[in-house]
Amino acid sequence: MVTLLLLLAGGAATGCGGRATTHHKPGTTHEQASGNAGTLLDAQDGGGHHLREVPAHGAPEVKLASRPDSEDGWNLQLAVSNFRFTPDSTGGAALPGAGHAHLELDGRKLARVYGPWYHLPAAQVPEGTHTLTVRLYADDHTAWAVAGKPVEAAVQLTAGPPGQAAHSHPAPAPTGSPAPPQAADRTVTVTVRDGKVLPAPGRTEVKRGERVALRVTSDRADTLHVHGYDKELALPAGQEATLVLTADRTGLFEVETHESALVLTQLLVR
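Quick look at the structure, then.

A few words on the overall build of the protein chain. Each helix and strand counted, the protein chain has two helices and 22 strands in total. Out of the 270 residues belonging to the protein chain, those deemed buried represent 39%. Total accessible area computed for the protein chain in this model is approximately 14600 Å², and 53% of it derives from carbon and sulfur atoms.

To continue, consider the packing of aromatic side chains. Throughout the structure, instances matching the rule amount to two aromatic pairs. Here Y229 and F253 contribute two aromatic rings whose centre-to-centre distance is 4.8 Å and whose plane-to-plane angle is 65°, an arrangement assigned as edge-to-face. Within this pair, whereas Y229 is found in the loop between β18 (222–226) and β19 (231–235), its partner F253 is found in strand β21 (residues 251–257), the two being separated by 24 residues in sequence. Comparing Y229 with F253, the two get one shared label, buried. Between R249 and the ring centre of Y229, over which it is positioned, the NZ or CZ distance is 5.5 Å.

Glancing now at the pattern of salt bridges. With the rule as written, the count across this model stands at six salt bridges. Note that D45 and R135 form a salt bridge whose closest N and O atoms lie 3.7 Å from each other. Taken as a pair, D45 in the loop between β1 (39–44) and β2 (50–53) and R135 in strand β9 (residues 128–137) lie far apart in primary sequence, 90 residues in all. Pair check on accessibility: D45 and R135 agree, each one buried. E205 is the partner of R270 in a salt bridge, and the nearest nitrogen-oxygen pair spans 3.5 Å. Note that R270 is positioned in the segment after β22 (263–269) and E205 in strand β16 (residues 203–206), a separation of 65 residues in sequence. What makes E205 partly exposed here is its relative accessible area of 43%.

Strands sit in the order β16-β22-β21-β18-β19 across an open sheet of five strands; the sheet is mixed. Looking along the sheet, the strands with just one partner apiece sit at the ends: β16 and β19. With direction set aside, neighbouring strand axes in the sheet form an average angle of 20°. Bridge count for β18 against β19 is five bridges, and the pairing is antiparallel. Its bridge partner being in β19, H225 is matched across the sheet by E232.

The rules behind each value
Residues numbered from 1 in each chain as written. Predicted model: local features only at pLDDT ≥ 70, side-chain atom pairs only at ≥ 80, totals over all residues. Heavy atoms only, no water. Helix = DSSP H or I, 4+ residues; strand = E, 2+ residues; numbered from the N terminus. Buried < 20%, exposed > 50% of the residue type's maximum accessible area, 1.4 Å probe, protein only. Areas by Shrake-Rupley, 256 points an atom, 1.4 Å probe, with all protein chains shown as cover. Phe/Tyr/Trp six-rings, centres within 6.5 Å; stacked < 30°, edge-to-face > 60°. Lys NZ or Arg CZ within 6 Å of the ring centre and 35° of its normal. Salt bridge = Lys/Arg side-chain N within 4 Å of Asp/Glu carboxyl O. Pairing = 2+ DSSP bridges. Axes fitted to C-alpha atoms, helices over the stretch in contact; angles between N-to-C directions.

Nothing here speaks to function; it is geometry throughout.
As structure tokens, this is what we get:
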């Protein structure tokens, strides 16, 4: 009897699989006891995880890009900003801008993702067109949310019969989404390659109130930042990304990349 009690006590201390558990006060859930970032909401995502609301300014962001792999399936890139992957602390407190991601196919969870790249085998995607969604979570498994909606991104995948090449394309924008980049009054197109900006950085003059589209293609993953407007945009490697803003402030504003610290252009708003 004594031996049995000792074994049970040891199992309770380590949890399933011998992993230590996070203890909290009786009468509180793990989610309520872990971390104080944001506000825990009653609302849940499709998988039953509570949403953790944070202000829009500085909130985690994610963009999803997919490329067919030459041998099998797709290579997925999660371009994040205001967020870092923390696989070593999964199950701990909800710290600002930290956690992991969930990958879902048509609302069905495929995997938990702990980094910016993930290979999706073709065997996991049935024949036909599907919606692939990535959603960001805190270490305590609550879903980061802004304005009551989870922080997520989606693309569409088209899987053919076995042996046929895979396809992917951006998921259609929901009804009521912002106007496309083509609606801008002025478009600035920039390419970043091998640490150089093409064309060479210059000054773009615009009138106050005009809509400006910054269309950037970078050969490495980075983040676009517009000083003075506090606008940011994730730049997936090798893919064009567009940020549209209304030039409602006069002055001289630099547009640069975070990681490579390159000035792309200067906006002179009169």
